[in-house]
Amino acid sequence: MSRQQQQSQGVVLTGYHSNAELLPKTGPSCASAQDHEPPVPSRRTGHYTVQQNQSAQHGDRSGPSTINSGTKATSTDPPSVLTYPRSQPSCSPKPGSSPRHSPNSRSRPRPPCQRCNSQDSLDELEMDDYWKEVENITRSGGEAGRGEGGGEGEIQEEEQQKIPEEGEQEEAWLTEAGLARLFDDSLAADQDQEEDNAVFLSTLTRSQVAAVERRVTSLQQTLLRRRNRQHVPDVRDIFRPPEKDEEPSKLKEGSENGQKDVTSAEAETELNVEVAFSEQALTYRDNHQMLKVTTSPNSPDDKLPNFKLLRDKTGQTRIGDLSPLDMKKVRRLVLVESTALFDTAGIDLKTHKAVKVKTKESGLFGVPLATLLDQDQRRAAGTKVPFILQRLISHIEEEGLDTEGLLRIPGAAIRVKSLCQELESSFYDGVFQWEQMKQHDAASLLKLFIRELPHPLLTVEYLNAFIAVNKLPTKKQQLQALNLLVLLLPEANRDTLKALVEFFQRVIDHQAKNKMTLNNVSVVMAPNIFMFKGFRSKVTEQQEFSMATSTANIVRLLIRYQNLLWTIPKFIMTQVRHQNMESHRKQNKERAVRKLLKKITTDKPSDKAVPEESSQGFIRVQAPQFSKVSMAVQLTGELQAADVLTRFLSQDSSVAVKPEELCLYEIGGNIKERCLDGETYMKDLFQLNPTAEWVIRAAQR
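Residues numbered from 1 in each chain as written. Predicted model: local features only at pLDDT ≥ 70, side-chain atom pairs only at ≥ 80, totals over all residues. Heavy atoms only, no water.

**Description of the overall build of the protein**
Logical step 1: In terms of regular secondary structure, the protein is built from 25 helices and 14 strands.
Logical step 2: Counting every position in the protein, which comprises 701 residues, the buried fraction comes to 49%.
Logical step 3: Pairs at least 24 residues apart make up 79% of the contacts formed inside the protein by residues separated by at least 6 positions. (Helix = DSSP H or I, 4+ residues; strand = E, 2+ residues; numbered from the N terminus. Buried < 20%, exposed > 50% of the residue type's maximum accessible area, 1.4 Å probe, protein only. Contact = heavy atoms within 4.5 Å.)

**Some points on the environment of lysine 329**
Logical step 1: Following the sequence through the fold, lysine 329 ends up in helix H9 (residues 324-344).
Logical step 2: When the C-alpha positions of lysine 329 and arginine 577 are compared, they lie 9.9 Å apart, and in sequence the two are 248 residues distant.
Logical step 3: Discounting chain neighbours no more than four positions away, the residues touching lysine 329 are Val576, Gln579, Asn580 and Lys672.

**Side note on helix H18 (residues 518-530)**
Logical step 1: Here H18 is 13 residues long and its end C-alpha atoms lie 17 Å apart, about the 18 Å a rise of 1.5 Å per residue gives.
Logical step 2: The sharpest bend along H18 measures roughly 30° and falls at valine 524, with the proline proline 527 sitting one to four residues further on.
Logical step 3: Counting buried residues in H18 gives 13 out of 13 residues, a clear majority hidden from the surface. (Expected span 1.5 Å × (residues − 1). Bend = angle between axes of the 7 residues up to and from the residue.)

**Description of the side chain of glutamine 375**
Logical step 1: In this structure, glutamine 375 sits in helix H10 (residues 369-377).
Logical step 2: Reaching out from glutamine 375, the side chain makes a polar contact with the side chain of tyrosine 428 at a distance of 2.9 Å. (Polar contact = N/O pair within 3.5 Å; in protein donor to acceptor, adjacent residues only side chain to side chain.)

**Description of the pattern of salt bridges**
Think of it this way: side chains of opposite charge can pair up when their charged atoms draw near.
Logical step 1: As enumerated under the stated definition, the model contains 17 salt bridges in all.
Logical step 2: For the salt bridge of glutamate 176 with arginine 331, the shortest nitrogen-to-oxygen distance reads 2.8 Å. Highlighted residues: glutamate 176 in helix H3 (residues 168-176) and arginine 331 in helix H9, separated in sequence by 155 residues.
Logical step 3: Among the residues examined, arginine 331 registers a relative accessible area of 29% and is labelled partly exposed.
Logical step 4: Note that arginine 215 and aspartate 343 form a salt bridge whose closest N and O atoms lie 2.5 Å from each other. Taken together, the positions of arginine 215 in helix H5 (residues 206-227) and aspartate 343 in helix H9 put the pair 128 residues apart, joining distant regions of the chain. The pair arginine 215 / aspartate 343 is uniform in exposure class, with both members buried.
Logical step 5: Through salt bridges with shared partners, a single ionic network connects Arg214, Arg215 and Asp343. (Salt bridge = Lys/Arg side-chain N within 4 Å of Asp/Glu carboxyl O.)

**Some thoughts on the state of the cysteines**
Logical step 1: Going through the model one piece at a time under the given rule, you end up with one disulfide.
Logical step 2: The side chain of cysteine 663 participates in a disulfide bridge whose partner is cysteine 675; the two sulfur atoms lie 1.8 Å from each other. For the disulfide bridge between cysteine 663 and cysteine 675, the dihedral angle about the S-S bond is near 120°, and by the sign convention the bridge is right-handed. Within this pair, whereas cysteine 663 is found in strand E12 (residues 662-668), its partner cysteine 675 is found in strand E13 (residues 671-675), the two being separated by 12 residues in sequence. (Disulfide = S-S within 2.5 Å.)

**Notes on the nonpolar core**
Logical step 1: The biggest cluster of nonpolar side chains holds 123 residues, and the ones touching the most others in it are Leu423, Leu445 and Leu446.
Logical step 2: The next biggest cluster of nonpolar side chains, apart from the first, holds 22 residues, and it includes Phe626, Met682, Leu685 and Phe686. (Core = buried A, V, L, I, M, F, W, Y, C linked by side-chain atoms within 4.5 Å.)

**Quick notes on the packing of aromatic side chains**
Any aromatic ring pair is given by two values, namely how distant the centres are and how the planes are angled relative to each other.
Logical step 1: According to the stated counting rule, one finds nine aromatic pairs in the structure shown.
Logical step 2: Ring plane angle 75° and centroid distance 4.9 Å describe the contact between tyrosine 130 and tryptophan 131, whose orientation is recorded as edge-to-face.
Logical step 3: The exposure class assigned to tyrosine 130 is buried, which follows from its relative accessible area of 0%.
Logical step 4: Judged by its relative accessible area of 3%, tryptophan 131 is buried. (Phe/Tyr/Trp six-rings, centres within 6.5 Å; stacked < 30°, edge-to-face > 60°.)

**Details of H3**
Logical step 1: Residues of H3 that are buried include every one of Gln169, Glu170, Trp173 and Leu174, and no others. End-on, the buried residues of H3 take up no more than an arc of 125°, which puts them together on one face. (Arc of directions from axis to C-beta.)

**So, the pairing of E13**
Logical step 1: The element E13 is extensively covered by neighbouring structure, given that four of its five residues are classed as buried.
Logical step 2: Pairing of E12 with E13 involves four bridges; the strand directions are antiparallel. Across the sheet, the residue bridging to tyrosine 665 is cysteine 675, located in E13.
Logical step 3: In this antiparallel pair of consecutive strands, E12 and E13, the connection spans two residues, and glycine 669 shows a positive phi of 75°. (Pairing = 2+ DSSP bridges.)

**A closer look at the environment of leucine 564**
Logical step 1: Locating leucine 564 in the fold gives a position in helix H21 (residues 562-565).
Logical step 2: Sequence separation of leucine 564 and leucine 309 is 255 residues, and the distance between their C-alpha atoms is 7.8 Å.

**What to know about the sheet that holds strand E14 (residues 693-698)**
Logical step 1: The strand order across the open sheet built from five strands is E11-E10-E14-E12-E13, with neighbouring strands paired in mixed fashion. The open sheet terminates on both sides in strands that have one partner only, identified here as strand E11 (630-634) and E13. Direction aside, the axes of adjacent strands within the sheet are offset by 25° on average.
Logical step 2: Relative to E14, strand E10 (residues 618-622) runs parallel, the two sharing two bridges. When the bridges of E14 are listed, valine 621 appears paired with tryptophan 694.
Logical step 3: Running at roughly 135° to E11, helix H24 (residues 641-651) makes contact with E10, E11, E12 and E14 of the sheet. (Axes fitted to C-alpha atoms, helices over the stretch in contact; angles between N-to-C directions.)

**Considerations on the packing of helix H15 (residues 475-488) against helix H20 (residues 541-560)**
Logical step 1: Where H15 contacts H20, the axes come no closer than 11 Å and their chain directions differ by 75°. Between H15 and H20, the interaxial angle falls into the category roughly perpendicular. Here Lys475, Gln478, Leu482 and Val486 of H15 lie close against H20, whose contacting residues are Asn553, Ile554, Leu557 and Leu558.
Logical step 2: Class assignment of the residues belonging to the contact of H15 with H20 gives a composition of five nonpolar, two polar and one charged. (Parallel < 35°, antiparallel > 145°, perpendicular 65-115°, else oblique. Nonpolar A, V, L, I, M, F, W, Y, C, P; charged D, E, K, R; others polar.)

**Remarks on the pairing of E12**
Logical step 1: Counting buried positions along E12 gives seven out of seven residues, so the element sits mostly inside the fold.
Logical step 2: Two strands pair when backbone bridges link them, and E12 and E14 are joined in this way by six bridges, in the antiparallel orientation. Across the sheet, leucine 662 pairs through a bridge with alanine 698, a residue of E14.

**Here's the deal with unusual backbone geometry**
Logical step 1: Backbone geometry places leucine 407, a non-glycine residue, at a positive phi of 80°.
Logical step 2: Relative to the assigned elements, leucine 407 resides in the loop between helix H11 (387-398) and helix H12 (413-426).
Logical step 3: Even without being glycine, threonine 459 reaches a positive phi, approximately 70°.
Logical step 4: Turning to its location among the elements, threonine 459 is positioned in the loop between helix H13 (439-451) and helix H14 (460-468).
Logical step 5: The exposure class assigned to threonine 459 is buried, which follows from its relative accessible area of 7%.

**Observations concerning the environment of leucine 182**
Logical step 1: Positionally, leucine 182 belongs in the loop between H3 and helix H4 (191-202).
Logical step 2: Residue leucine 182 is classed as partly exposed on the basis of its relative accessible area, which comes to 35%.
Logical step 3: Sequence spacing of leucine 182 and valine 216 is 34 residues, and the spatial spacing of their C-alpha atoms is 7.1 Å.

**Description of the packing of H18 against H20**
Logical step 1: Remark: H18 packs on H20, axes separated minimally by 8 Å, with the N-to-C direction vectors making an angle of 115°. In this structure, H18 crosses over H20, and the sense of that crossing is right-handed. For the pair H18 and H20, contact is made by Leu518, Asn519, Val521, Ser522, Val523, Met525, Ala526, Ile529 and Phe530 and by Thr551, Ala552, Ile554, Val555, Arg556, Ile559 and Arg560, respectively.
Logical step 2: Its residues assigned to classes, the contact of H18 with H20 shows 11 nonpolar, three polar and two charged. (Left-handed = near helix turned anticlockwise from the far one by under 90°.)

**Remarks on the confidence of the model for the protein**
Logical step 1: Overall, the prediction assigns the protein a mean pLDDT of 74, with 63% of residues at 70 or greater.
Logical step 2: At the low end of the mean pLDDT range in the protein sits helix H7 (residues 246-252), at 37; at the high end sits helix H16 (residues 491-508), at 97.
Logical step 3: Confidence drops under a pLDDT of 50 for residues 92-121, and excluding neighbours within four residues, the segment shows 87 contacts in the predicted structure.
Logical step 4: Below a pLDDT of 50 lies the segment residues 142-159, which in the model reaches 50 contacts outside its immediate sequence neighbourhood of four places, other chains included. (pLDDT = per-residue confidence, 0-100.)

Pasting the structure below:
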């Protein structure tokens, strides 16, 4: 075969034959009856199988070739191709697409012991589940693969991302951070926006400022090169040595922001959320200059650090506790902070731009999350997770979570496609017969829903950032980066991801019977979350193989630390409070000037004086929605927000709202609005925000 022909056909990685599963067994077999097949001898190096990716029209009947690393090929069965077929929409039945009906889909021999209670590392038995999941996705049919163009199933919708040109990435980043005026003076001057930017920049830490400066400088250099493209470069410019001050300037950034440094002796399990993560990373880098990156994604479940947040008496702030105005400030700060954190490790994130594609405007599968939620919210206001996903999860749980292989064992492909079509036509009518759906079929539909999203759940913009988390040198920094990236996700994506990881944890809680540990669930779900259609068509098989363990590790961290990841770090909250205070000061100055010019003596100052009750150690709690509209509460060192709610309920028996649905809000002062954590110490919070009002009402999450 000529080189040109070989390139046009390509080589497709079809499966990884695990090394460990072929080693001599020392324990009893724990596989199901259908898995009792003789093992194939293999060395510890393992081997891959590949298949020539030829045109479907010619139908290669000669079978795939096998490449064996360290042994001779022993399997002659045609393995399943690792890519998604381009030919059919996912809900359209395709003859022969099911493993049971396809003549070329016989499974490779598997060893007697495939599943037991012991926890092996991700590069052995669990990673075998990863490739089996990819094979199951392929066999189910209906998604785009790497086949040659021109087929009837090739659609434009699969081109979902665009690599930005030089300078576009920095420009988009600065625009997203609300700092477009830093590089484009032609933009219309907006006094309020200018002041807002000035306040925003004044609250940044040293490492955050460095991240902004780095993007502005890079963009300015790019714009200068564009203007001077016709200029013949000087040889001294071409071979100019690197700037000597660049690295030292990075090392100086660690401890000059007025915040305490984090020493290397800090316990690994403690998460300090009072100091910016990027500042902590700088201190770590300064103290470990010669230390190589030693991420360990292969550690078993019980080896992951048991991280906990340092106790904050002013209360933990979770996503959904803040007003939209303050969340907008949070997002700007988190964007800068996450970039600064990756900068400390020398990780240059190459983000992709989401391309607008033609998508379905109604239905269930293959519909954008925003469209799904819009049609669901017309039926039930306040819906945050698509109805179809909620119903699939509840059906799986109703059938019981003790089923062995839940999420791992696929449903019958033909039956799943038929159910998909029935759901599309009858779900919203309420006539779908849920009792006919088997549990494994429901799990397959749940995974299909995730894969069929027009854009990935983790978004095109931030997918590379999630994958790059593995390059950070410690598990603590990886967790901190994930915390920031979760905050950056659009609300619909973030809420849907939260519903999924909560469900995965409930499955893991039953691992004693369903044999689905944290590692098992992670490797099975990773290809469904990360390998969306447009993305997979842009990576090589070698890149895809190297990503397998990395993506499984990210899913593992998302599940294990979900209670920490959906919180807003205190240092971000401190910066938000500082921004609000600076904005109030500027507004007060303007009002004072207007008052003097107009000689109006009746204007009330905007800064509220501390109420007399508060100066005497009491606060006035308002409850305008209820019959007892207010009550005075004495501040003590041990008084918590939950105690205030308990006292209110004991004095107003007419409250019809469930206690867990009530929230004590901090409103005004240096925050717009915040629903308080029940363990918030009121005296400490009052000292932080003495001019705030305290209001009890139903939580608006």
